[in-house]
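What follows is the residue order along each chain.
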Amino acid sequence: LGSQAGGRGGIVAHSRAEWVQCDLGIMATGGITVPLYPSLLADQVAYILRHAEVTCVCVDTVAQRDKVLQIRNEVPSLRHIVVMEGEVADTDPALLSLQALVARGTAGAYGSLLAARLQALTPEHEATYVYTSGTTGPPKGVVQTHANHLFMVQSSGVILGAQEGDVDLLFLPLAHAFARLEAFLGLYVGLTTAFAESIEALPANMREVRPMFVFGVPRVYEKIYARIQATGSSGSALKQKIFAWCVAVGQQVSVLQQGRHALPLRLRVQHRIAHQLVFKKLHEAVGGRLCYFVSGGAPLAQDIAEFFHAAGLLILEGYGLTETCPALTANRYNQFKFGTVGPALPGVELRIAADGEIFARGPNIARGYYQCPAATPEVSLEDGWFATGDIGEMDAEGFLRLTDRKKDLIVTAGGKNIAPQNLENLLKTDPYISQAMVYGDRRPYLTAVVTLDLDETRRYARTQGIVGETSEALAAQPQIIRLVEARIAQLNRQLASYETIKKVVLAPTDFTTEGGELTPTLKVKRKVVTERYWAQLEQLYQGS
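To start, this report covers the structure provided alongside it. (Residues numbered from 1 in each chain as written. Predicted model: local features only at pLDDT ≥ 70, side-chain atom pairs only at ≥ 80, totals over all residues. Heavy atoms only, no water.)

Here we come to the overall build of the chain. A count of helical and extended segments in the chain gives 19 helices and 23 strands. A compact globule built from 544 residues would reach a C-alpha radius of gyration of about 24 Å, and the chain, at 24 Å, matches this within 12%. With respect to the three principal axes, the spread of C-alpha positions in the chain is 75 × 60 × 50 Å. Taken over 544 residues, the chain has a buried fraction of 53%. For the chain, the share of sequence-separated contacts (at least 6 apart) that also reach a separation of at least 24 residues comes to 64%. Here the chain contributes 51 positively and 53 negatively charged side chains, and the mean placements of these two sets differ by 5 Å. (Helix = DSSP H or I, 4+ residues; strand = E, 2+ residues; numbered from the N terminus. Rg over C-alpha atoms; globule rule 2.2 N^0.38 Å. Buried < 20%, exposed > 50% of the residue type's maximum accessible area, 1.4 Å probe, protein only. Contact = heavy atoms within 4.5 Å. Lys, Arg positive; Asp, Glu negative; His and termini not counted. Charge placed at Lys NZ, Arg CZ, Asp CG, Glu CD.)

Shown next, in the form of structure tokens:
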């Protein structure tokens, strides 16, 4: 298609084998891949394609094709649109199917040209521009090199503990740097990568392919946890007692295993019984041969990690940013501490600044931001150190514990520094709460905007004779408002007085990417939520 070395090729598609094939194809020609989330709106796609000066874009479905066609006149550099699914009519010369592209490449005498392009590539060449999800402004294109990714797969491969042929189930969007690492690791280690059909089909796909490894974001584990807790607290009093006993046994086992202690015979027997009564169903639901989950992209609540381990399933949490391609730290299957994001990866250095900010240095630090020279000095320090913008602390064994984003820290009117993400993670462990955003900077106390978990709230409403099936209808019911307030009051007992959530706004609908409240990686856009519920939040402080 006339692609030049250093030219940009975009991908707007859901995670699938063809996504990886197109990614490798673009890079093999000496090109630079620009991944875009398929959930992005047309104007957001136009901004990134135009900013990155993309000449060819690969899409998966008719809907994505039409989205690009809608804005192609706004992207002067765009010449070709390659469609992964189905045949494409010849009426538009810019359009062709991936099948047709492969046929043209196979029939053409491109072998020597391709070999020359590959031979000219070095690790220092740019491989991809990964645009940030834009929680604080327009997305910036992070310039990642082949060397960044080579280092990352080699460093991560050392600690993965996987063997060639092991199965991983990939469902995260490949525009997310975390999912891209999973794809590259699969190639490096020799994993058999199964691509989930959709997030909705994930439970069925887990049972079908029986993965050894699953990479996910905390929202996935929060959903599973909430569902299990809701199931355990329902049913007869006897069933609830059995569930509580099994969890208590699992917690005892977890504590001993974390301390590398042997299990007493009686506890081993009890654990087998607990597994048969409760935990076996959970293991079967994830395929029955899972070695561990990997969690990244946002902080995971410690309670959730501990519960899964009590059930015999290990979640290993790591940490990094798009600018670190994407990991800095990770818990290992044979070296982990819940509530931390693990020690630094081999070859990565960390230090904590005087104000608690985490600085990092290593071969995985990206080169900067494409066509955004003013942004690079904000994060690049002397001697190759990178300022993450995150606050944390490191223990004597080198395990890193995250506190919060530097810009997100809340300072109350009483001068208390509070990390909202920790509180939000706690709120989301409640089965009736789906999402939460804590508010209260320079205020006398904390408040929050919370959304309902629709499935669990519906179940509760039916048992209480409360009318309403939609989130909007239920959120307006006084009984549901009192239920949420009571649940939050219960959670507040775990917190210091200055951390407690005094009042809440119950949002009529859940936060979504389509609604603009969540980034494509399912992080809450605080600015959007605050602006949307500003009036209601202000009312919570009237007369305070």
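Still more ground to cover, so stick around.
It is worth spelling out the sheet that holds strand β18 (residues 400-405) at this point. Here we have four strands laid out as an open sheet, ordered β14-β15-β17-β18, and antiparallel in their pairing. Looking along the sheet, the strands with just one partner apiece sit at the ends: β14 (349-352) and β18. With strand direction ignored, the average angle separating the axes of adjacent strands in the sheet is 50°. In terms of strand pairing, strand β15 (residues 357-361) meets strand β17 (residues 386-394) through three bridges, oriented antiparallel. Across the sheet, Ala360 pairs through a bridge with Phe386, a residue of β17. (Pairing = 2+ DSSP bridges. Axes fitted to C-alpha atoms, helices over the stretch in contact; angles between N-to-C directions.)

With that out of the way, let us pick up the environment of Ile365. Of note, Ile365 is situated in the loop between β15 and β16 (368-369). Residues Ile365 and Ser236, 129 residues apart in the sequence, show an inter-C-alpha distance of 54 Å. Leaving out residues up to four positions away in the same chain, Ile365 has contacts with Asn148, Glu323, Thr324, Leu328, Ala360 and Phe386.

Of the two faces of strand β4 (residues 80-83), both are covered, the one formed by His80 and Val82 as well as the one formed by Ile81 and Val83. Between the parallel elements strand β3 (residues 54-59) and β4, the chain passes through helix α3 (residues 62-71) in a crossover that is right-handed. Pairing of β4 with strand β5 (residues 95-97) involves three bridges; the strand directions are parallel. Following the sheet pairing, Val82 is matched in β5 by Leu96. (Right-handed = clockwise from strand over helix to strand, strands pointing away.)

Remark: helix α10 (residues 237-258) packs on helix α11 (residues 265-285), axes separated minimally by 9 Å, with the N-to-C direction vectors making an angle of 130°. Classified by the interaxial angle, the pair formed by α10 and α11 is oblique. Read as a crossing pair, α10 and α11 show a hand that is left-handed. Counted together, Ile242, Phe243, Trp245, Cys246, Val247, Val249, Gly250, Gln252, Val253 and Leu256 of α10 and Leu267, Gln270, His271, Ile273, Ala274, Leu277, Val278 and Phe279 of α11 form the full contact between these two elements. (Parallel < 35°, antiparallel > 145°, perpendicular 65-115°, else oblique. Left-handed = near helix turned anticlockwise from the far one by under 90°.)

The buried fraction of strand β2 (residues 32-36) amounts to five of the five residues, a majority that puts the element mostly inside the structure. Side-chain alternation along β2 places Ile32, Val34 and Leu36 on one buried face and Thr33 and Pro35 on a second face that is also buried. Looking at chain direction, strand β1 (residues 8-12) and β2 are connected through five bridges and run parallel. Bridge pairing in β2 links Val12 to Leu36.

Let's shift gears to the pattern of salt bridges. Applying the stated criterion across every chain, the model contains 27 salt bridges. The salt bridge involving Arg459 is made with Glu456; its shortest N-O contact spans 2.5 Å. Here Arg459 and its partner Glu456 are both found in helix α15 (residues 454-464), three residues apart, which amounts to about one turn of the helix. Here Arg459 falls in the partly exposed class, since its relative accessible area comes to 44%. Salt-bridge contacts for Glu469 lead to Arg462; the nearest nitrogen and oxygen are separated by 2.9 Å. Look at Glu469 and you get partly exposed, because its relative accessible area is 37%. What you see here is one network of salt bridges that share partners, running through Lys223, Arg227, Asp453, Asp455, Glu456 and Arg459. (Salt bridge = Lys/Arg side-chain N within 4 Å of Asp/Glu carboxyl O.)

A word on the nonpolar core. If you look at the biggest cluster of nonpolar residues, it comprises 96 residues, and the most contacted ones within it are Ile11, Phe293, Phe308 and Leu328. Sequence-distant contacts of Leu328, that is, excluding residues within four places in its chain, are made with Tyr319, Gly320, Leu321, Pro343, Ala344, Leu345, Val348, Leu350, Ala360, Asn364, Ile365 and Thr388. Judged by nonpolar contacts, the second largest core, of 28 residues, contains Val59, Val83, Val88 and Tyr131. (Core = buried A, V, L, I, M, F, W, Y, C linked by side-chain atoms within 4.5 Å.)

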